[in-house]
Amino acid sequence: MEDNTTSTPKHKPPENTDSTTWHLPAGAIGRLARGRVSDMSFSPDGRHIAVATPIGCWLYVRPSLKPLALFETESGMVNTIVFSSDARLIATSNLDGVVKVWDTQTLKCLAKINHRKNVEATSGYFWQLCFSQDNQYLAASCFDKQNVVYAWRKNTDEPIKNFPIDVEDTRGHDFPIYFSPIENLLGYVSAGTPHHTLTISDIETGEHIAHLSQSSALSSYRYLVFSPCGQYIATANRNNEVLVWNVYNGTLETEIIAYEGKRVIPAYTSDSTLRIADIYEYKVVIWDAIRKEKIDTFEREKPPHDHFISGHHVHFSPDGAHIATILSRSKLCGWTVGSPSSTVSSPANHKPAVYSVAFSIKGKTIASGHGYGMYHIYWDATKRQTEQILPTPNIQAQRTTLTENLTEEEKQQWYRVSALSPCGERLALRDLPRGSVEIWDIVSETLITELADSDRFRSWREMRFSPTGEYFIDTAIGDINVWNTQSGKKVNTLTGDNRLILTTAFHPDGKQLAAAAKGSAGMLWDIVSGEQLGVFPTELPEDFSLYRGNPEQIQQYIQLKKKIIKQYKCIPNKLAFSRCGTIIACGIQDHIRLRDAATLETRMLILLPETCSKPFALTFSPCGKYLVSGSWWIKGLDRVSIRIWEIATGQNIHTFWGHTTDVQDLAFSPDGELLASGSFDGTILLWDMKPFLNIA
């Protein structure tokens, strides 16, 4: 008989306590942020928290949330994580369909299960994992409309049980699973019409112990939890109603209890008290469900950058003593029920997707934009620590006064789009409901000017300061507004072809602007006069000497494009000027094109290798000799590439393999010694460029 005594992870603290350098890819010297939070799990005793992110899994000590380890970094993209009932094991699953079981003492992988080898599996995506009480079995709720159970110790990809989910469309449904604490009974949900059914099955005998069905008037099950004695199972549905069932006779033990929050989560304490977390946008209320008594309330100050990306997830510890919330896939907070003073500060470095990176003029600070540009962070480039988050609480408080006359519906519109000036001293905030852009002085936290626009529904995709900070642009469908940042007056409106602007780039002198719209090849403007200086040619160069790549690749490319030349357009999704302003780099779906900034003619067309796609992050080195591109994720790759191209020859002189998913932006330090790459995985990697750029 297996010893099921709860164990505490005893992973030896690393000798290197600087977590910004753990498991770095070759060529990287540091990491800012720890990745977007995909999932988390409490250890059974509540002393540790395991967090799943796109770069791997973090193990934290609770309540300090000091990182103990980073593991499962080989392929990253971890979306589900769970502790075993004795804390000796952790199970993880990746978007690639592989489930792994880890020893918490050594953090060594004990078993791998490739779910996609199952003949019925297509996506391999898991909603939830769960260990049996004796830790012999591992159950998974799958995107493939099935619940499966693996005898993981046999290290086989073949499930011992497969319980199909009877539903045509999985969207809008939750399919929770939970093992009984005293027997190998599995509670799981299947959906059908008109009933949503909770089934309790013995996974060893295959016997169905109970089928618990809600009436068609009720919403589908969202959460399940067995009582410590195993006799009862509490459920919560999408209507925020809690039901308690007797497992063995299938009867409803309590009246339906409805709550008022956005969702509810049930949990049993060790003494069988049923607790409910009633979740609102910025608070969580804990109830004793049977006594109908409020136990605790945890309220959080509304951060200035939550709007639009505010996914709010709450997790109970297995004993119901602690809760943790994940806001915007980044802000992790925790409390002990009944002890509000024990609020846990969130790990500073879990952040949402990174959309922009930039170095300060002196290179000591890195600014990163997160969540579609909703907010920015200043980092100390040397210490790799957060210095400031913008907009600050003071700026946000002043903005509350500015918007006090708006309706609640207007306040919920996308207005927290932001942009930083090149000097790093000014912040632009887009206020969509009020039809304006506010320019703030970051040091004094005062409003400098307001750029008022009668069009209240302009696009939020592109806002940008000119390199000198004298001008500011914001975009709409087909139009680009040019403003003087000092006077707040509109200088020009650059009228396009009524298409959504995808990307813009200023000439280094700040007087010219290159822009590309959806379905359009690109345009060049004089922003002061408003004159259109040219339109990017769409045709492929007839001069084969301009192509870079292996000869076979070039020939195949030309033949392919000739066949579809009438439909094919070289539409840039990213534009970048060289530091001297003579070249415009265009990131296109399958190649990079270098154009002469004066004539707009093609100087070079660089074909990308099969392992590189969508080079929508581009930057030139300060010396002007190199162009660096970042690619998006391609199926089958564990890492995406960042490539250094020699401009004179078009050769790929070096490739970094670091991020687990799309590279969104790139930036050089002023001296060219560091390269920062921001990714959708929620991290920024710092790369040592000295060995490749011959910097003394």
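To be clear, the structure that these remarks concern was listed above.
Residues numbered from 1 in each chain as written. Predicted model: local features only at pLDDT ≥ 70, side-chain atom pairs only at ≥ 80, totals over all residues. Heavy atoms only, no water.

Together, Leu95, Tyr125 and Phe143 line one region of the surface with nonpolar side chains, adding up to about 240 Å² of accessible area. Relative to the assigned elements, Leu95 resides in the loop between β7 (89–94) and β8 (98–103). Accessibility expressed as a relative area gives 34% for Leu95, which makes it partly exposed. (Patch = residues over 30% accessible without salt bridge, like charges linked within 9 Å, V, L, I, M, F, W, Y side chains within 5 Å. Areas by Shrake-Rupley, 256 points an atom, 1.4 Å probe, with all protein chains shown as cover. Salt bridge = Lys/Arg side-chain N within 4 Å of Asp/Glu carboxyl O. Helix = DSSP H or I, 4+ residues; strand = E, 2+ residues; numbered from the N terminus. Buried < 20%, exposed > 50% of the residue type's maximum accessible area, 1.4 Å probe, protein only.)

Within this structure, the stated rule accounts for 14 aromatic pairs. With a centroid separation of 5.0 Å and an interplanar angle of 65°, the aromatic rings of Phe465 and Phe472 are classed as edge-to-face. An identical accessibility class is assigned to Phe465 and Phe472; each is buried. Summarising the aromatic geometry, the rings of Phe544 and Tyr547 are spaced 6.2 Å apart at their centres and angled 85° between planes, so their arrangement reads as edge-to-face. Judged by its relative accessible area of 40%, Phe544 is partly exposed. Tyr547 sits in the buried class, given a relative accessible area of 4%. Among the aromatic residues, those joined into a ring-pair cluster are Trp22, Trp58 and Tyr60. (Phe/Tyr/Trp six-rings, centres within 6.5 Å; stacked < 30°, edge-to-face > 60°.)

Let us now look at the environment of Gln231. Locating Gln231 in the fold gives a position in the loop between β18 (221–226) and β19 (232–237). The exposure class assigned to Gln231 is partly exposed, which follows from its relative accessible area of 33%. Each C-alpha atom of the pair Gln231 and Pro181 lies 9.7 Å from the other, and the pair is 50 residues apart in sequence.

Formed by 26 residues in total, the largest nonpolar core has its most connected members in Val242, Leu274, Ile286 and Ile323. Those elements that provide at least two residues to this core are β18, β19, β20 (241–246), β22 (263–268), β23 (274–279), β24 (283–288), β26 (312–316) and β28 (331–336). Residues contacting Val242, with those up to four places away along its chain left out, are Thr235, Ala236, Glu255, Ile256, Ile257, Tyr259, Val264, Leu274 and Ile276. Ranked by size, the runner-up nonpolar core spans 21 residues in total, among them Ala516, Phe536, Ile554 and Leu600. (Core = buried A, V, L, I, M, F, W, Y, C linked by side-chain atoms within 4.5 Å. Contact = heavy atoms within 4.5 Å.)

Of the two faces of strand β46 (residues 574–577), both are covered, the one formed by Lys574 and Ala576 as well as the one formed by Leu575 and Phe577. Sheet analysis places β46 next to strand β47 (residues 583–588), joined by four bridges and oriented antiparallel. Looking across to β47, one finds that Phe577 is bridged to Ile584. (Pairing = 2+ DSSP bridges.)

In this section: the sheet that holds β24. Pairing is antiparallel across the open sheet formed by four strands, whose spatial order is β22-β23-β24-β25. Looking at the sheet topology across the chains shown, the edges are occupied by β22 and β25 (293–299). For this sheet, the mean inter-axis angle between neighbouring strands, taken without regard to orientation, is 20°. Inspection of the sheet shows β22 paired to β23 by six bridges, in the antiparallel sense. Residue pairing for β23: Ala267 is matched across the bridge by Arg275. (Axes fitted to C-alpha atoms, helices over the stretch in contact; angles between N-to-C directions.)

Before going further, it helps to examine the sheet that holds strand β30 (residues 354–359). One open sheet holds the four strands; their spatial order is β30-β31-β32-β33, and the pairing between them is antiparallel. Bordering the open sheet on either side are β30 and β33 (385–390), each of which pairs with just one other strand. Ignoring which end each strand starts from, the neighbouring axes of this sheet average 25° apart. Inspection of the sheet shows β30 paired to strand β31 (residues 365–370) by five bridges, in the antiparallel sense. Paired with Phe359 across the bridge in β31 is Ile366.

The next thing to look at is unusual backbone geometry. The residue after Arg62, namely Pro63, is reached through a cis peptide bond having omega 10°. Assignment of secondary structure puts Pro63 in the loop between β4 (56–61) and β5 (66–71). Of note, the amide linkage connecting Leu390 to Pro391 takes the cis form, showing an omega dihedral of 0°. Relative to the helices and strands, Pro391 resides in the loop between β33 and α1 (393–402). At His23, a residue that is not glycine, the phi angle is positive and equals roughly 50°. Here His23 is to be found in the segment before β1 (28–32). Within the chain, Glu445 stands out as a residue other than glycine whose phi angle is a positive 55°. Summarising the element assignment, Glu445 is placed in the loop between β36 (436–441) and β37 (446–452). Looking at Glu445, the relative accessible area reads 18%, which means it is buried.

So, about α1. Among all positions in α1, only Ile395, Gln396 and Arg399 are buried. Within α1, the buried residues cover an arc of 100° as seen down the axis, which keeps them to one side. (Arc of directions from axis to C-beta.)

By the criterion of burial, strand β39 (residues 471–475) is predominantly enclosed, with five of the five residues buried. Of the two faces of β39, both are covered, the one formed by Tyr471, Ile473 and Thr475 as well as the one formed by Phe472 and Asp474. Looking at chain direction, strand β38 (residues 463–465) and β39 are connected through three bridges and run antiparallel. Across the sheet, Met463 pairs through a bridge with Asp474, a residue of β39. Here β38 hands over to β39 after five residues, with Gly469 in that stretch at a positive phi of 80°. Across five bridges, β39 lies against strand β40 (residues 477–484) in antiparallel orientation. Counterpart to Phe472 in the pairing with β40 is Trp483. Hairpin geometry of β39 and β40 is characterised by an intervening segment of one residue between the two adjacent antiparallel strands.

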